[in-house]
Amino acid sequence: MRTAYRVETVRAAESALMARLPEGTLMNRAAAGLAAACAELLRPGLGRRTVARVVLLVGGGDNGGDALFAGARLARRGIGVNALLLAPDRAHPAGLAALRAAGGRCLAVADIAPGALTTLLGRASMVVDGITGIGGRGGLRPVAAELAERVTASGAPVIAVDLPSGIDADTGEVHGPVLPAALTVTFGTLKPGLLVDPARQHAGEVRLVDIGLRPLLPVEPEAAALTPAEVAALLPRPTGESDKYRRGVLGVAAGSARYPGAAVLTVGGALHGGVGAVRYAGPAHGAVIARHPETLVSPGTPAEAGRVQAWVAGPGLGDHPEAERVVHEVLAADVPLLLDADALRGLDPARVRARSAPTLLTPHAGEAAALLGVARERVESRRLASVRELAERFGATVLLKGSTTLVADPAGPVLVNETGTPWLATAGSGDVLSGLAGGLLAAGLAARDAGAVAAHLHGLAGRAAPMPATASGVTDALPTAWRSLTG
């Protein structure tokens, strides 16, 4: 599991470790890892120039010190290194001395003419961003923002020290300009902002350098991402004694006369979710049986469909009079329940909290905003806080769909899916995800695990589907996603 911790937790672990080690040990470990990553990218054929030139952007914190010590290591290898100091009076003294002793140059940004700065950046093979550290809040200051804009315009690849300047390490929020990185070299542990959008999209490839913090970090992180091996271990597999009922029966209440495709896609996702059988209840039964003849169909409501181990309700229900009855019946069922799309409209938190069986809500940002009574932009900018708030308000597991899908319980770390692709932003893709997660619920997975595993598989299928991806193509690619995990 790739784990991420809040700044307060990281600093406490760093303080405890520094008390046991000689002064400067942690910074030297971080600088060594950073310098190695930079040197790898500067190998012949990988840099922008025949002669390697590195520009360091140095702020007043420890990130600036990491950049300076890494720059000194690069300079000792014969690489030309220039450090641009945003706050010369607060730059790390030992780091400055080390860089100068190695032959690097230190220049105050305020003393460089705009034309000379443009030339310097234009000649750079790479830029190392050590402007702000994990404690940075509220976006970049004007001087740093202008410098970031110039760096971006230069086209030089940027290596971020610990995290890109301008993002919030704890929340993944972005307030104003950011200096996007091609590679982020982070130390000790991941930070939530490196996993969660909108910050994640600015981090590029993320590489973790071990500096010895792991034994001093708590068992429970703030956020985590399952590895492929962990997802594979959670996948339900039939045994020699399995039959379709032991593997789980999923009920699907989706679709309408206006939106029969939603039912077809939800059932399709469910049939690839490790479930033994699917019972469909609703007006789109003709379309469902035509596409998926193995489905057990009923034109009635969920209460009339027969016994199931879990329900999925909502995709394509529309606003017809029967939709409210459908939601009422599945909420009353004493089995795990996934609510999506139209079933989320006007959903009463008290009714969800009163259920004895697990509930999984799967909103996109717009639906989440409606449930919270806030603007969609607030959810999109504060995804981590929003998914936690929803889980707490409804007393349920919440899967917040998006570029980085998040799964949260009222307590415990938020799970982040890293397999997502923008190609999944297509009509009906969410219906497939709901069916897939529902199938995993019926097969016996806990709501949190079902959401995380379904998001992982859904992302893999989105990548494997013929391009440009469609929801039907994603459904058809789910077996490929399964095989990629199970061999």
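What counts as what
- Every chain is numbered on its own, with residues counted from 1 as its sequence reads.
- Confidence filtering applies because this is a predicted model: local features only for residues at pLDDT of at least 70, side-chain atom pairs given and counted only at 80 or more, and all residues used for totals across whole chains, interfaces and linings.
- Only hydrogens and water are removed before side-chain values are computed, so all heavy atoms of the structure are retained for them.
- Each helix is a run of DSSP H or I of at least 4 residues and each strand a run of E of at least 2, with the numbering of both proceeding from the N terminus.
- A radius of gyration in this sense is built from C-alpha atoms; the matching globule rule multiplies 2.2 Å by the number of residues raised to 0.38.
- Residues are treated as being in contact if the distance between any of their heavy atoms lies within 4.5 Å.
- Exposure was quantified through the Shrake-Rupley algorithm and a 1.4 Å probe, taking into account, for residues, occlusion by the shown protein chains and nothing else.
- If DSSP finds at least two bridges between two strands, the strands pair.
- Lines fitted to the C-alpha atoms define the axes, with helices restricted to the stretch that makes contact. Angles between their N-to-C directions range from 0 to 180 degrees.
- Boundary definitions for the domains trace back to an automatic or database domain assignment.
- For any pair of parts, buried area is found by adding up, for both, the accessible area (1.4 Å probe) each one loses once the two are put together.
- In plain words, nonpolar cores are sets of buried Ala, Val, Leu, Ile, Met, Phe, Trp, Tyr and Cys residues tied together by side-chain atoms within 4.5 Å.
- Note on exposure labels: buried denotes an accessible area under 20% of the residue type's maximum, exposed denotes more than 50%, and partly exposed covers the range between, all computed with a 1.4 Å probe on protein chains only.
- Roughly parallel refers to an angle under 35 degrees, roughly antiparallel to one over 145, roughly perpendicular to one between 65 and 115, and oblique to any angle outside these ranges.
- Crossing handedness is defined as follows: a turn of the near helix away from the far one that is anticlockwise and smaller than a right angle gives a left-handed crossing, while the clockwise case is right-handed.
- Under the grouping applied here, Gly and all other residues not named as nonpolar or charged are polar, the nonpolar ones being Ala, Val, Leu, Ile, Met, Phe, Trp, Tyr, Cys and Pro and the charged ones Asp, Glu, Lys and Arg.
- Counted as salt bridges are all cases of a side-chain nitrogen of Lys or Arg within 4 Å of a carboxyl oxygen of Asp or Glu.
- If you view a crossover with the strands going away from you and the path from the first strand over the helix to the second runs clockwise, you call it right-handed.

## Quick notes on the overall build of the chain
Point 1. Regarding its fold elements, the chain presents 17 helices and 18 strands.
Point 2. Taken against the 2.2 N^0.38 rule, which gives 23 Å for 487 residues, the C-alpha radius of gyration of the chain at 26 Å falls within 12% of a compact globule.
Point 3. On the principal axes, the C-alpha backbone points of the chain span a range of 80 × 45 × 45 Å.
Point 4. For the chain, the share of sequence-separated contacts (at least 6 apart) that also reach a separation of at least 24 residues comes to 69%.
Point 5. Put simply, the chain shows about 19700 Å² of open surface, and 53% of that area lies on carbon and sulfur atoms.

## Some words on the sheet that holds strand β4 (residues 105-108)
Point 1. Strands sit in the order β4-β3-β2-β5-β6-β7-β8 across an open sheet of seven strands; the sheet is parallel. Of all strands in the sheet, those with a lone pairing partner are β4 and β8 (205-209), marking the two edges. Across the sheet, the mean angle separating the axes of adjacent strands is 20° when strand polarity is ignored.
Point 2. When strand β3 (residues 80-85) meets β4, the two strands line up parallel, connected through four bridges.

## Some details on the domain arrangement of the chain
Point 1. By domain assignment, the chain separates into domain 1 (2-223) and domain 2 (228-486).
Point 2. The centre of domain 1, based on its C-alpha atoms, is set 40 Å off from the matching centre of domain 2.
Point 3. Each side of the interface is counted separately: domain 1 has 14 residues, and domain 2 has 14 residues.
Point 4. Of the roughly 1100 Å² buried at the junction of domain 1 and domain 2 (both faces included), carbon and sulfur atoms supply 53%.
Point 5. The largest contributions to the domain 1 side of the interface with domain 2 come from Val 196, Asp 197 and Glu 222, which together make up 38% of the buried area.

## Side note on the nonpolar core
Point 1. Of all hydrophobic cores here, the largest spans 101 residues; its most connected members are Leu 34, Val 54, Leu 56, Val 128, Trp 311, Leu 339 and Leu 347.
Point 2. In this view, Leu 34 contacts Asp 66, Ala 67, Ala 70, Val 128, Ile 159, Val 161, Val 185 and Phe 187; residues no more than four positions away in its chain are not counted.

## A closer look at the packing of helix α16 (residues 447-464) against helix α17 (residues 471-486)
Point 1. In the contact formed by α16 and α17, the axes pass within 7 Å of each other and the chain directions differ by 110°. Comparing the axis directions of α16 and α17 gives the class roughly perpendicular. The handedness of the crossing between α16 and α17 comes out as right-handed. Packed against α16, whose contacting residues are His 456, Leu 457, His 458, Leu 460, Ala 461, Gly 462 and Ala 464, the element α17 presents Val 474, Ala 477, Leu 478, Thr 480, Ala 481, Trp 482, Ser 484 and Leu 485 at the interface.
Point 2. Here the residues of the contact of α16 with α17 sort into 10 nonpolar, five polar and no charged.

## Observations concerning the pattern of salt bridges
Point 1. What the rule picks out here adds up to 18 salt bridges.
Point 2. Between Glu 322 and Arg 325 there is a salt bridge, and its shortest N-O distance comes to 3.7 Å. With Glu 322 and Arg 325 both in helix α10 (residues 321-332) and three residues apart, this pair spans about one turn of that helix.
Point 3. Overall, the relative accessible area of 36% leaves Glu 322 in the partly exposed class.
Point 4. Owing to a relative accessible area of 37%, Arg 325 belongs among the partly exposed residues under this scheme.

## Observations concerning the sheet that holds strand β12 (residues 296-298)
Paired through backbone hydrogen bonds, the strands of a sheet run either parallel or antiparallel to each other.
Point 1. The strand order across the open sheet built from 11 strands is β1-β9-β18-β17-β16-β15-β14-β13-β10-β11-β12, with neighbouring strands paired in mixed fashion. The sheet is open, and its two edges are formed by β1 (2-4) and β12, each paired on a single side. Adjacent strand axes in the sheet meet at a mean angle of 20°, parallel and antiparallel pairs treated alike.
Point 2. As judged from the three bridges shared by strand β14 (residues 337-339) and strand β15 (residues 359-361), these two strands associate in the parallel manner. Its bridge partner being in β15, Leu 339 is matched across the sheet by Leu 361.
Point 3. Sitting on the sheet, α10 touches β10 (249-253), β13 (310-313) and β14, and the angle it makes with β14 is about 150°.

## Here's the deal with the pairing of β10
Point 1. Most of β10 sits out of view: five of its five residues are buried.
Point 2. Each parallel crossover has a hand, and the one from β10 via helix α8 (residues 260-271) to strand β11 (residues 277-281) is right-handed.
Point 3. When β10 meets β13, the two strands line up parallel, connected through four bridges. What sits directly across from Val 252, in β13, is Val 312.

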